[in-house]
Amino acid sequence: MIPSVLPTYSRAPLSFVKGEGSWLFEADGRRFLDLGAGIAVNALGHAHPKLIEALTTQANALWHVSNLYQIPQQQKLADMLVDLTFADTVFFTNSGTESCELAVKMARKYWYEKGAPERVEIITFEGSFHGRSSAGIAAAGSEKMTKGFGPLLPGFKHLPWNDHDALNAAINGQTAAIMIEPVQGEGGIRPLPDQCLKGLRDLCDEHGILLILDEVQCGVGRTGKLFAHEWAGIEPDIMMVAKGIGGGFPLGAVLATENAASGMTAGTHGSTYGGNPLGCAVGCAVLETIAKPDFLSDVSRRAGTLRQSLEGLIAQHPNVFESVRGVGLMLGLKCKAANVDVVNAGYANEVITVPAADNVIRLLPALNITNEDIAEAIKRLSAAAKQIEQTS
Ligand SMILES: *Cc1c(COP(=O)(O)O)cnc(C)c1O
């Protein structure tokens, strides 16, 4: 008999009832160190007082109004994002895949309005992840995500990661945009080198096409900059955001330049919940905290500590771990043992990590994880590795 919850996830036998900072509490009383943060969502950890205050204050005043009316919290969050980034305008969604939907629509509408309706094609890359909507799976293109769900949304061209010749050959009179994650998340924490991101920007400029960055996982302070592309000193035309921006409240956004967004006039897109008062009140509190230069330099400092400790961990357990990669607090441990075994051994030692492609486990802790918790994380990961060494 089919479970009452549609069985699209194979779930760990863990059931958390409370969170506090970088800790999750199981119903049976056990305390887990959370290095997954709900897959880069709980950017400020669990139960951050400022977010609780923002949410409860707004909950006492007004939960929902339609986008048919002005929403001051939404206006405030949009103004903050415009001030802090390349963007001139923002549309709010409830998730990453909805941000992907709009990014695709916006790029196509841009060309339609420019009198080039044949430019519909979006170039994407192997190993990418853009969510589970029809556009999201068509954009990523992997068999794992698309098999059985045809006919797929047409107009995506999938290229190998890191193949300049294939990229140059792929651009033609039908190309609308290039869409890429500056640091692949699900794909196994694969950072795009800064010079490649610069190269992509140049290529887009040369051909007049749009650069869409998916910063759903790597954005909002995760890499030690507010957005990951800042490391390369470039700006996209369109950017997808979600996960960390809501700190645990479902919230996403599409940021764009005035030019890229020029086709999106009244009536061309909408969302019932996107940008609702609750989500935006929390989003403002998240952004006010994370966008502070001191906070971001602290992320880099913590990331340095964690990364150095992980190098030590790898040296101690060369049969379990191979290498560490990533940027800031978006780190991947490439494993020699099976990554799912490492994640499970982590559960047994009360530390939470997240598997990714390429036999990697992801460490995406709260951006405000303490030094003490980092030290404890390494202890627990080491205990997990020992357990694997003993059973293999
Ligand atoms: C998680 C993720 C998405 C999809 O976000 P949802 O909120 O699950 O729809 C899209 N792109 C990237 C890079 C992601 O990590």
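Everything below is about the structure shown above.
Here the residue numbers are simple positions, counted from 1 along each chain's written sequence. Two thresholds apply to this predicted model, a pLDDT of at least 70 for residue-level local features and 80 or more for giving and counting side-chain atom pairs, whereas whole-chain, interface and lining totals are computed over all residues. Excluding hydrogens and water, the side-chain values take into account all heavy atoms of the structure.

## Let's talk about the pairing of strand 1 (residues 16-20)
Right, so step 1: In this sheet, strand 2 (residues 23-26) lies alongside strand 1 in antiparallel orientation, the contact comprising four bridges. In the sheet register, Phe-16 faces strand 2, and the bridge partner there is Glu-26.
Right, so step 2: Where strand 1 folds back on strand 2, the antiparallel hairpin that results is connected by two residues, among which Gly-21 adopts a positive phi of roughly 60 degrees. Two strands qualify as a pair provided DSSP detects at least 2 bridges between them. Comment: elements are numbered from the N terminus, with helices defined as DSSP H or I runs of at least four residues and strands as E runs of at least two.

## Here's the deal with helix 12 (residues 371-391)
Right, so step 1: To estimate the expected span of a helix, count its residues, drop one, and scale the result by 1.5 Å. Here helix 12 spans 31 Å end to end across 21 residues, near enough to the 30 Å set by a 1.5 Å rise per residue.
Right, so step 2: Relative accessibility decides the category of a residue: with a 1.4 Å probe and only protein chains considered, values under 20% of the type maximum give buried, values over 50% give exposed, and everything between is partly exposed. Buried residues of helix 12: Asp-373, Ile-374, Ala-377, Ile-378, Arg-380, Leu-381, Ser-382, Ala-384, Ala-385 and Ile-388, and no others.

## Quick notes on the packing of aromatic side chains
Right, so step 1: Side-chain rings of Phe, Tyr and Trp (the six-membered ring for Trp) are treated as a pair once their centres are within 6.5 Å; stacked means planes under 30 degrees apart, edge-to-face means over 60, and tilted covers the remaining angles. Counted according to the given criterion, the structure contains two aromatic pairs.
Right, so step 2: With 5.5 Å between their ring centres and 75 degrees between their planes, Phe-16 and Phe-32 make a pair best called edge-to-face. One end of the pair, Phe-16, is in strand 1; the other, Phe-32, is in strand 3 (residues 31-34), and 16 residues separate them in sequence.
Right, so step 3: Aromatic side chains Tyr-110 and Trp-111 sit 5.0 Å apart centroid to centroid with 85 degrees between the ring planes, which places their arrangement in the edge-to-face category.
Right, so step 4: In this structure Tyr-110 comes out as buried when scored by relative accessible area, which is 7%.
Right, so step 5: Lysine and arginine charges are scored as sitting over a ring when NZ or CZ, respectively, is within 6 Å of the ring centre and within 35 degrees of the ring normal. In this structure, Arg-31 is placed above the aromatic ring of Trp-23, and the distance from its NZ or CZ to the ring centre is 3.8 Å.
Right, so step 6: Lying over the aromatic face of Trp-231, Lys-225 brings its terminal NZ or CZ to 4.7 Å of the ring centre.

## Let's talk about the pattern of salt bridges
Side-chain pairs of opposite charge can arise whenever the charged atoms involved come near each other.
Right, so step 1: Throughout this description, the term salt bridge denotes a Lys or Arg side-chain nitrogen within 4 Å of a carboxyl oxygen of Asp or Glu. The final tally for this structure, using the stated rule, is 17 salt bridges.
Right, so step 2: For Arg-190, the salt bridge identified is with Glu-126, shortest N-O distance 3.3 Å. With Arg-190 in strand 9 (residues 190-191) and Glu-126 in the loop between strand 5 (121-125) and helix 5 (134-140), this residue pair connects regions lying 64 residues apart in the sequence.
Right, so step 3: The exposure class assigned to Arg-190 is buried, which follows from its relative accessible area of 18%.
Right, so step 4: For Glu-376, the salt bridge goes to Lys-379, with nearest N and O atoms at 3.8 Å. With Glu-376 and Lys-379 both in helix 12 and three residues apart, this pair spans about one turn of that helix.

## So, the nonpolar core
Right, so step 1: Nonpolar cores were defined as sets of buried Ala, Val, Leu, Ile, Met, Phe, Trp, Tyr and Cys residues, with membership established by side-chain atoms within 4.5 Å. Counting 68 residues, the largest nonpolar core has Phe-92, Leu-255, Ile-290, Leu-310, Phe-321 and Leu-333 as its most contacted members.
Right, so step 2: Take this core: its biggest share by element is eight residues, from helix 10 (residues 293-316).
Right, so step 3: Each domain's limits were defined by an automated method or a database of domain assignments. Each of domain 1 (50-290) and domain 2 (293-326) gives at least three residues to this core.
Right, so step 4: The criterion used for residue contact is that any of the two residues' heavy atoms lie within 4.5 Å. Other than its neighbours up to four places away in sequence, Leu-333 contacts Leu-310, Leu-313, Ile-314, Phe-321, Ser-323, Val-324, Asn-359, Val-360, Ile-361 and Leu-363.
Right, so step 5: Residues Ile-180, Ile-212, Ala-232 and Ala-242 belong to the second largest nonpolar core, which totals 46 residues.

## Here's the deal with the sheet that holds strand 12 (residues 252-256)
Right, so step 1: The strand order across the open sheet built from seven strands is 4-12-11-10-7-5-6, with neighbouring strands paired in mixed fashion. Bordering the open sheet on either side are strand 4 (89-93) and strand 6 (156-159), each of which pairs with just one other strand. Sheet twist, expressed as the average angle between the axes of neighbouring strands with direction ignored, equals 20 degrees.
Right, so step 2: Strand direction decides the pairing type here: strand 11 (residues 238-241) and strand 12, joined by four bridges, are antiparallel. Its bridge partner being in strand 12, Ile-238 is matched across the sheet by Ala-256. Comment: axis = line fitted to C-alpha atoms, over the contacting stretch for helices; angle = value between 0 and 180 degrees taken between N-to-C directions.

## As for unusual backbone geometry
Right, so step 1: Cis geometry marks the peptide bond from Gly-150 to Pro-151, where omega comes out at -5 degrees.
Right, so step 2: With phi around 60 degrees, Ile-39 is a residue other than glycine that occupies positive phi space.
Right, so step 3: If you trace the backbone, Ile-39 turns up in helix 1 (residues 37-40).
Right, so step 4: A positive phi angle is found at Asn-162, which is not glycine, with a value near 80 degrees.
Right, so step 5: In this structure, Asn-162 sits in the loop between strand 6 and helix 7 (164-170).

## Regarding the side chain of Asn-42
Right, so step 1: Mapping Asn-42 onto the fold places it in the loop between helix 1 and helix 2 (49-61).
Right, so step 2: Judged by relative accessible area, which is 13%, Asn-42 ranks as buried.
Right, so step 3: In this structure, Asn-42 is in contact with Ala-37, Gly-247, Gly-248 and Ala-366, ignoring residues within four places of it in sequence.

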